[in-house]
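Single-letter residue listing:
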Amino acid sequence: MATRIDKEACRDAYNLVRDDNSDISWAAFKYDGSTIVPAGHGPDYEEFKSLCTDDDRLFGFVRITTGDAMSKRAKFTLITWIGENISGLQRAKISTDKTLVKDIVQNFAKEFMISDPRELEEDYLRNELKKAGGANYDAQAE
């Protein structure tokens, strides 16, 4: 059966993360049968990480604050989590299903495909976003 997405509910969760007046910093999207639906959202990134288990595959849209002492700015990332116990067929299918998510989650600085929990560390993601962002004037303080 072809995968579908609950566009309205997923777009609402996406917009909560994008909203500068909201403290929501992440939204997750999971499979409910053959439909991708919101799996939750919140202000605490650790909550998002707790959803990324060996038996799950999901997408995450995450706000991370980057910048230097002079300016702080929000950067967004799209994370595809594939747990260790996910079958080969489901692993392959997530790549094509990601296009459905990208129809809603359109603005992000960097995309990650992760299956190692260590790569979910917020500092790792922040450093990767800094690299993707170009000039890093914070290096002058080092």
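Residues numbered from 1 in each chain as written. Predicted model: local features only at pLDDT ≥ 70, side-chain atom pairs only at ≥ 80, totals over all residues. Heavy atoms only, no water.

### Section: the sheet that holds strand β5 (residues 72–82)
Test applied: Pairing between strands is defined by DSSP: at least two bridges between them are needed. Runs of E in the DSSP output that reach at least two residues are strands. Runs of H or I that reach at least four are helices, and both are numbered from the N terminus.
The strand order across the open sheet formed by 6 strands is β1-β3-β2-β4-β5-β6, and the pairing between neighbours is mixed. Edge positions in the sheet fall to β1 (4–5) and β6 (110–114), since each has one partner strand and no second. The pairing of strand β2 (residues 26–32) with strand β4 (residues 57–67) spans 5 bridges and is antiparallel. Residue pairing across strands places Lys 30 opposite Leu 58, the latter belonging to β4.

### Focus on the environment of Cys 10
Quick reminder of the rule: Contact between two residues is taken to exist if any of their heavy atoms lie within 4.5 Å; hydrogens are not considered.
For Cys 10, the position within the fold is in helix α1 (residues 7–18). As a C-alpha pair, Cys 10 and Leu 51 span 41 residues in sequence and 17 Å in three-dimensional space. For Cys 10, the contacting residues outside a window of four places in its chain are Ile 5, Phe 29, Ile 36, Val 37, Pro 38 and Ile 104.

### Structural notes on the nonpolar core
Counted only if it meets this: In this text, buried Ala, Val, Leu, Ile, Met, Phe, Trp, Tyr and Cys residues form a nonpolar core when linked through side-chain atoms within 4.5 Å. When accessible area is computed with a 1.4 Å probe and restricted to protein chains, residues below 20% of their type maximum are described as buried, those above 50% as exposed, and intermediate ones as partly exposed.
In terms of nonpolar packing, the biggest core is built from 20 residues, with Phe 29, Ile 36, Phe 59, Phe 61, Val 101 and Val 105 touching the most fellow members. Residue assignment for this core shows that the elements contributing at least two residues are α1, β2, β4, β5 and α3 (88–102). At 4 residues, the largest contribution of residues to this core is made by α1. Sequence-distant contacts of Phe 61, defined by excluding residues within four places in its chain, comprise Tyr 14, Val 17, Arg 18, Ser 25, Trp 26, Ala 27, Phe 29, Phe 76, Thr 77, Val 105, Asn 107 and Phe 108.

### Brief notes about the UniProt feature "domain: ADF-H" (unreviewed entry) in the protein
Worth spelling out the cut-off: UniProt positions are given in the numbering used here, feature names are shortened, and annotations may be inferred rather than shown by experiment.
This chain's UniProt record puts "domain: ADF-H" (unreviewed entry) on residues 2–130. Across residues 2–130, helical content stands at 33% and strand content at 34%; the span's end C-alpha atoms are separated by 37 Å.

### Regarding the pairing of strand β3 (residues 35–42)
Pairing of β1 with β3, which is carried by 2 bridges, proceeds in the parallel orientation. Pairing of Ile 5 across the sheet is with Ile 36, part of β3. Where β2 and β3 come together, 7 bridges link them in antiparallel fashion. Its bridge partner being in β3, Ala 28 is matched across the sheet by Gly 40. Adjacent in sequence and paired antiparallel, β2 and β3 are bridged by 2 residues, among which Gly 33 carries a positive phi angle near 70°.

### Observations concerning the side chain of Ser 34
With respect to the helices and strands, the residue Ser 34 is situated in the loop between β2 and β3. Each residue touching Ser 34, except ones within four places of it in the same chain, is listed here: Met 1, Ala 2, Thr 3 and Arg 4.

### Some points on the packing of aromatic side chains
Applicable threshold: Put simply, two rings from Phe, Tyr or Trp (the six-membered ring, in Trp's case) pair if the centres are within 6.5 Å, and we call them stacked under 30 degrees between planes, edge-to-face over 60, tilted for the rest. Over a ring means this: the NZ of a Lys or the CZ of an Arg is within 6 Å of the ring centre and within 35 degrees of the ring normal.
Evaluated as defined, the whole model comprises 6 aromatic pairs. Note on Tyr 31 and Phe 59: the rings are 6.3 Å apart at their centroids and 45° apart in plane angle, and the pair reads as tilted. Taken together, the residues span a long stretch of sequence, with Tyr 31 in strand β2 and Phe 59 in strand β4 at a distance of 28 residues. Accessibility classification places Tyr 31 together with Phe 59 in one group, the buried group. Measuring from centroid to centroid gives 5.3 Å for Phe 61 and Phe 76, while their planes differ by 5°, and the two rings are stacked. Residue Phe 61 is located in strand β4, and its partner Phe 76 is located in strand β5; the two are separated by 15 residues in the primary sequence. With respect to class, Phe 61 is no different from Phe 76; both count as buried. The lysine or arginine in question, Arg 18, covers the ring of Phe 76, its NZ or CZ lying 4.5 Å from the ring centre. The cationic tip of Arg 57 hangs over the ring face of Tyr 31; the distance from NZ or CZ to the ring centre is 3.7 Å.

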